[in-house]
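Residues per chain, in single letters:
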Amino acid sequence: QVRLVESGGGLVQAGGSLRLSCAASGSISVFYRMGWYRQAPGKQRELVATITWGGTANYADSLEDRFTISGDNAKKSVYLQMSSLKPDDTAVYYCYVERLLPGPRRDYWGQGTQVTVSS
């Protein structure tokens, strides 16, 4: 089993910044991809950003200019720096990891952390 622990969510005013952190523990030595999705009330869960073990980042088109994802392979952790936040960024942010080793390849999700941006 793999456990994902998220932190860093909270309430921030529009235009502010937040940094989310997620650490994976348990039965994982290498991940293929790790990152963040979000789900706003009444909407489907959507990609925010992911990063591969090799460091390749992938962003939702509309977020790349304000959000930055980074990773620390040794700590099995990813970080999401969010800047110039807007009320539309309000959502529950879920950490995600696609475990590569040990096999089998499998996806895991965190419990989510609430981000609320006030206008």
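Up top is the structure these notes are about.
A brief structural summary. As the structure is a computational prediction, the values presented were derived from the model and not from experiment. (Residues numbered from 1 in each chain as written. Predicted model: local features only at pLDDT ≥ 70, side-chain atom pairs only at ≥ 80, totals over all residues. Heavy atoms only, no water.)

The next subject is the nonpolar core. Core analysis: the largest hydrophobic core is formed by 31 residues, its most contacted members being Leu4, Met34, Trp36, Leu80, Met82 and Tyr93. Breaking this core down by element, the ones donating at least two residues are β1 (2-7), β3 (18-26), β4 (30-39), β5 (46-52), β7 (67-72), β8 (77-82), β9 (91-101) and β11 (113-118). Apart from residues lying up to four places away in sequence, Leu80 is in contact with Leu18, Arg19, Leu20, Trp36, Val48, Ala49, Phe67, Thr68, Ile69 and Tyr93. (Core = buried A, V, L, I, M, F, W, Y, C linked by side-chain atoms within 4.5 Å. Buried < 20%, exposed > 50% of the residue type's maximum accessible area, 1.4 Å probe, protein only. Helix = DSSP H or I, 4+ residues; strand = E, 2+ residues; numbered from the N terminus. Contact = heavy atoms within 4.5 Å.)

Right, let's talk about the packing of aromatic side chains for a bit. If you walk through the whole model with that rule in mind, you get four aromatic pairs. When the centroid spacing of 5.0 Å and the interplanar angle of 75 degrees are considered together, the rings of Phe31 and Trp53 count as edge-to-face. With Phe31 in strand β4 and Trp53 in the loop between β5 and β6 (57-59), this pair connects stretches of sequence that are 22 residues apart. Given the relative accessible area of 1%, Phe31 is considered buried. Seen in terms of ring centroids, Tyr37 and Trp109 are 5.2 Å apart; in terms of plane orientation they differ by 70 degrees. Their pairing is edge-to-face. Here Tyr37 is found in strand β4, whereas its partner Trp109 is found in strand β10 (residues 106-109), with 72 residues between them in sequence. Here a set of aromatic residues connected by ring pairs shows up, and it is made of Tyr37, Tyr96 and Trp109. (Phe/Tyr/Trp six-rings, centres within 6.5 Å; stacked < 30°, edge-to-face > 60°.)

Ordered by their spatial adjacency, four strands build an open sheet running β1-β3-β8-β7, and the pairing between neighbours is antiparallel. Strand pairing shows two members of the sheet lacking a second neighbour, β1 and β7, which therefore form its edges. In this sheet, neighbouring strand axes are inclined to one another by 15 degrees on average, regardless of whether the strands run parallel or antiparallel. Of the pairings in the sheet, the one linking β3 to β8 comprises six bridges and is antiparallel in character. (Pairing = 2+ DSSP bridges. Axes fitted to C-alpha atoms, helices over the stretch in contact; angles between N-to-C directions.)

On to the side chain of Glu98. Following the sequence through the fold, Glu98 ends up in strand β9. A residue is classified by how much of its surface remains accessible, and Glu98, at 9% relative accessible area, is buried. Glu98 has contacts with Phe31, Tyr32, Arg33, Arg105, Arg106 and Asp107, leaving out every residue within four places of it along the chain.

Turning our attention to unusual backbone geometry. Geometrically, the link from Leu101 to Pro102 is a cis peptide bond, its omega value of -5 degrees lying close to zero. Mapped onto the elements of the fold, Pro102 is located in the loop between β9 and β10. Geometrically, the link from Gly103 to Pro104 is a cis peptide bond, its omega value of 0 degrees lying close to zero. Look at Lys76: it is not a glycine, yet its phi comes out positive at around 55 degrees. Although it is not a glycine, Ser84 adopts a positive phi angle of roughly 45 degrees.

Evaluation of the coordinates by the stated rule reveals one disulfide. Here Cys22 is linked by a disulfide to Cys95, with a sulfur-sulfur distance of 1.9 Å. Its S-S torsion of about -90 degrees marks the bond between Cys22 and Cys95 as left-handed, since a negative value means left-handed. Taken as a pair, Cys22 in strand β3 and Cys95 in strand β9 lie far apart in primary sequence, 73 residues in all. Accessibility expressed as a relative area gives 1% for Cys22, which makes it buried. (Disulfide = S-S within 2.5 Å.)

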